[in-house]
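Structural overview for review
The lines below spell out each chain.
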Amino acid sequence: LQSRSPASRLECSYDFVTGAATNLLCDPSGTGAFLGAVPDVMPSRCSTPDFGTGAESSCSSGGNRMVGTTCWAFCITNYTPNVKQYDCAVRGNAISLAAMTDPVACNPVAGRRLASAGCDASSASAANLVQPQIRHTCIGKSDTQKCVVECNVGYTIVGTASVYTCTNGALVGSGLPNCIANPCNYSAPNGIGITSNCAGVSTDSNCTATCGMGYSYANGSGPQ
């Protein structure tokens, strides 16, 4: 593994959680395995920009967005409807959150007086928003306020996010976005004597690692 110096950390899309760069040794006994512990790393995060007057976003829900993930900015009630996708990525030698097409732009329109009935977790459940592939900003909205419904981390959206409106305690929108589960391409179980059925498995799916032909489980171990 290779890392850059702290002074140029922004050139990397991952940060060390513990440890630092690690040297691995190819086992001199000929097993074909690398010896040594790899450092614990996590994706860097983009700070959330100011989207301007009349705009909200899902970009700071649950913390700043990680590199490689997306979020949506949208116009709130009493502003022209608009929703735009943003992504957290390495651009040049910096990490930033930027619009994937045009940035969101919200212009004021004639307002309405807010009513008292708001939307809570039961409203989200009734609108079928409580699903593993879905995330949203709809809980706690007042009547006539808007929120965005998008795909959760680990899923890729086909099309655009949906904007819902809290209407007398119910969340009303154009329908759920189309979310496709991403394949798991990293950290598959591997090693001498290990076999698995994990190829092609996607987000929120399961697979099993077992001992291959000619190998047996160590004491206290078994399929995982």
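Along each chain, residue indices are assigned from 1 in the same order as the chain's sequence is written. Note on the predicted model: pLDDT of at least 70 is required for a residue's local features to be given, and 80 or more for side-chain atom pairs to be given and counted; whole-chain, interface and lining totals, by contrast, use all residues. Note that the side-chain values use all heavy atoms of the structure and ignore hydrogens as well as water.

Re the pattern of salt bridges
- The salt bridge definition used is simple: a Lys or Arg side-chain nitrogen within 4 Å of an Asp or Glu carboxyl oxygen. Summed over the entire model, instances satisfying the criterion amount to three salt bridges.
- The partner of Glu56 in a salt bridge is Lys141, and the shortest N-O contact between them spans 2.6 Å. Note that Glu56 is positioned in strand β5 (residues 55-57) and Lys141 in the loop between β9 (134-136) and β10 (146-151), a separation of 85 residues in sequence.
- Each residue is placed in one exposure class: buried if its accessible area under a 1.4 Å probe, protein chains only, is under 20% of its type's maximum, exposed if it is over 50%, and partly exposed if it falls in between. Note on Glu56: relative accessible area 27%, which makes it partly exposed.
- Classification of Lys141 as buried rests on a relative accessible area of 12%.
- Its salt-bridge partner being Asp87, residue Arg91 comes within 2.5 Å of it at the nearest N-O pair.
- Classification of Asp87 as buried rests on a relative accessible area of 18%. Numbering of helices and strands runs from the N terminus, with a helix taken as a DSSP run of H or I at least four residues long and a strand as a DSSP run of E at least two residues long.

Digging into the state of the cysteines
- Disulfides are defined as pairs of cysteine sulfur atoms found within 2.5 Å of each other. Under the criterion given, the structure shown has seven disulfides.
- Note on cysteine connectivity: Cys59 is disulfide-linked to Cys71, with sulfurs 2.0 Å apart. As the torsion about the S-S bond is roughly 90°, the Cys59-Cys71 disulfide counts as right-handed. With a gap of twelve residues between them, Cys59 in the loop between β5 and β6 (70-75) and Cys71 in strand β6 connect regions that are remote in the sequence. Accessibility assignment for this pair places Cys59 and Cys71 in one class, buried.

Description of the nonpolar core
- Judged by nonpolar contacts, the single largest core of 19 residues is most densely connected at Leu129, Cys138, Val149, Tyr164 and Leu171.
- Those elements that provide at least two residues to this core are β6, β10, β11 (155-158) and β12 (162-167).
- In terms of residue count, β10 provides more of this core than any other element does, four residues in total.
- Non-local contacts of Tyr164, meaning those with residues more than four positions away in its chain, are made with Leu129, Cys138, Gln145, Lys146, Cys147, Val149, Leu171, Val172, Gly173, Ser174, Gly175 and Leu176.
- The term nonpolar core refers to a set of buried residues drawn from Ala, Val, Leu, Ile, Met, Phe, Trp, Tyr and Cys, joined through side-chain atoms within 4.5 Å. Core analysis: the next-biggest nonpolar cluster, separate from the first, contains 15 residues, Ala73, Cys75, Cys88 and Ile95 among them. By the convention used here, residues are in contact when the closest approach between their heavy atoms is within 4.5 Å.

A closer look at the sheet that holds strand β13 (residues 170-173)
- Spatial strand order, β9-β10-β12-β13: four strands in an open sheet with antiparallel pairing. In the strand order of this sheet, the two ends are held by β9 and β13, each with one partner. Mean inter-strand twist for the sheet, computed between neighbouring axes without regard to direction, equals 35°.
- In short, DSSP must find at least two bridges between two strands for them to pair. Pairing between β10 and β12: four bridges, direction antiparallel. Within the sheet, the bridge partner assigned to Val149 lies in β12 and is Ser162. Axis definition: a line fit to C-alpha positions, over the contact stretch in the case of helices; interaxial angles, taken between N-to-C directions, run 0 to 180 degrees.

Quick look at the pairing of strand β8 (residues 94-99)
- Bridging between strand β7 (residues 83-91) and β8 involves six bridges; their strand directions are antiparallel. Note that in β8 the partner of Cys88 across the bridge is Leu97.

A short note on a nonpolar patch on the surface
- For patches, a residue must show more than 30% relative accessible area and have no salt bridge; joins then use 9 Å for like charges and 5 Å for nonpolar side chains, namely Val, Leu, Ile, Met, Phe, Trp and Tyr. In this description, accessible areas are obtained by the Shrake-Rupley approach with a 1.4 Å probe, and a residue is regarded as covered only by the protein chains that are shown. Taken together, Leu24, Phe34 and Val38 make up a surface patch of nonpolar side chains, about 310 Å² in accessible area.
- Within the secondary structure, Val38 sits in the loop between β3 (34-35) and β4 (40-43).

Focus: the environment of Ser60
- Among the secondary structure elements, Ser60 is positioned in the loop between β5 and β6.
- Given the relative accessible area of 43%, Ser60 is considered partly exposed.

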